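# Commentary on secondary and tertiary structure
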Amino acid sequence: KDSMLVSTQVKIDLKNSSPQNLDAMVRIDSLLWESGNKKLFVDTAVLLALVRNDSTIINLSSSLADADVASNLNYQQMPELFNEVMAYYLPKQNNEPAAKAAAGTVVAHIFIKPNDQFSNFVKDFSFKNVLADVSVSNQEKDSVVKGHIAAKEIKVGENRVSNLAATYWLIGNYLEAK
């Protein structure tokens, strides 16, 4: 059985954890994760989370990826929105409808940086400059997931896609893409 080792330095500044007044910062330095022959090293990662003008804003900056998330919902309401929207696309458990979430939208912008460490987890996998924009909302007639993904290159084994640009949206129970 493989063992796992995690070492890091962490600074947490939690000024307010209430959903309506969130104000937090987490800084992780020199994160090293090892399991068997797999390693992951993150030089620095900073997570900022706050509420401003009734909007929840979460920002992640790291050597592996950068992400910005914004919503008119608080951090307790966001998972409820995801559960409601994803219930349209995933098999239902016990034939019970998903709980209705507060009306809202979550928007995310994610940039996955080129890093050879990803190949430690997926063999023969590499990419260059992957950018994704995603919006999840229950404010439309149907719940909607839409977004855009772009990549300079994605390679798995001998298969390669270059200069990828795709727009997608899920409306009701179908997927469209162009």
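Cut-offs used in this document
- Residues numbered from 1 in each chain as written.
- Predicted model: local features only at pLDDT ≥ 70, side-chain atom pairs only at ≥ 80, totals over all residues.
- Heavy atoms only, no water.
- Helix = DSSP H or I, 4+ residues; strand = E, 2+ residues; numbered from the N terminus.
- Buried < 20%, exposed > 50% of the residue type's maximum accessible area, 1.4 Å probe, protein only.
- Contact = heavy atoms within 4.5 Å.
- Areas by Shrake-Rupley, 256 points an atom, 1.4 Å probe, with all protein chains shown as cover.
- Lys, Arg positive; Asp, Glu negative; His and termini not counted.
- Charge placed at Lys NZ, Arg CZ, Asp CG, Glu CD.
- Salt bridge = Lys/Arg side-chain N within 4 Å of Asp/Glu carboxyl O.

Once that is clear, we can look at the overall build of the chain. Across its full length, the chain carries one helix and ten strands. In sequence order, the chain lays out its α and β elements as β-β-β-β-β-α-β-β-β-β-β. Overall, the C-alpha framework of the chain stretches about 45 × 45 × 35 Å when taken along its three principal axes. In the chain, buried positions account for 25% of the 178 residues. Contacts spanning at least 24 positions in sequence make up 45% of the contacts within the chain whose residues lie at least 6 apart. A total accessible area of about 11,600 Å² is found for the chain, and carbon and sulfur atoms account for 54% of it. Of the side chains in the chain, 18 bear a positive and 20 a negative charge, and the two mean positions are spaced by 4 Å.

Next up on the list: the pattern of salt bridges. Under the defined criterion, the tally for this structure stands at six salt bridges. As a salt-bridge pair, Asp66 and Lys113 come within 3.2 Å of each other at their nearest N and O atoms. Here Lys113 lies in the loop between strand 6 (105–112) and strand 7 (125–137) and Asp66 lies in strand 5 (residues 65–71), a separation of 47 residues in the sequence. With a closest N to O distance of 3.0 Å, Lys100 and Glu84 form a salt bridge. You can see Lys100 sitting in the loop between helix 1 (77–86) and strand 6 and its partner Glu84 sitting in helix 1, a full 16 residues away along the chain. Exposure remark for Lys100: the relative accessible area of 65% places this residue in the exposed category.

Mapped onto the elements, Asn115 comes out in the loop between strand 6 and strand 7. Judged by its relative accessible area of 22%, Asn115 is partly exposed. Asn115 sits 46 residues away from Val69 along the chain, and the two C-alpha atoms are 22 Å apart.

Of note, Ser62 is situated in strand 4 (residues 55–62). Residue classification places Ser62 among the buried residues on the basis of a relative accessible area of 9%. Beyond its immediate chain neighbours, meaning those up to four positions away, Ser62 contacts Val42, Thr44, Ala45 and Lys113.

The backbone phi angle of Ser30 is positive, close to 55°, even though this residue is not glycine. For Ser30, the position within the fold is in strand 2 (residues 23–35). On the accessibility criterion, Ser30 (37% relative accessible area) is partly exposed. Here the phi dihedral of Asn53 falls at roughly 50°; this positive angle occurs in a residue that is not glycine. Judged by relative accessible area, Asn53 falls into the exposed class, the value being 75%.

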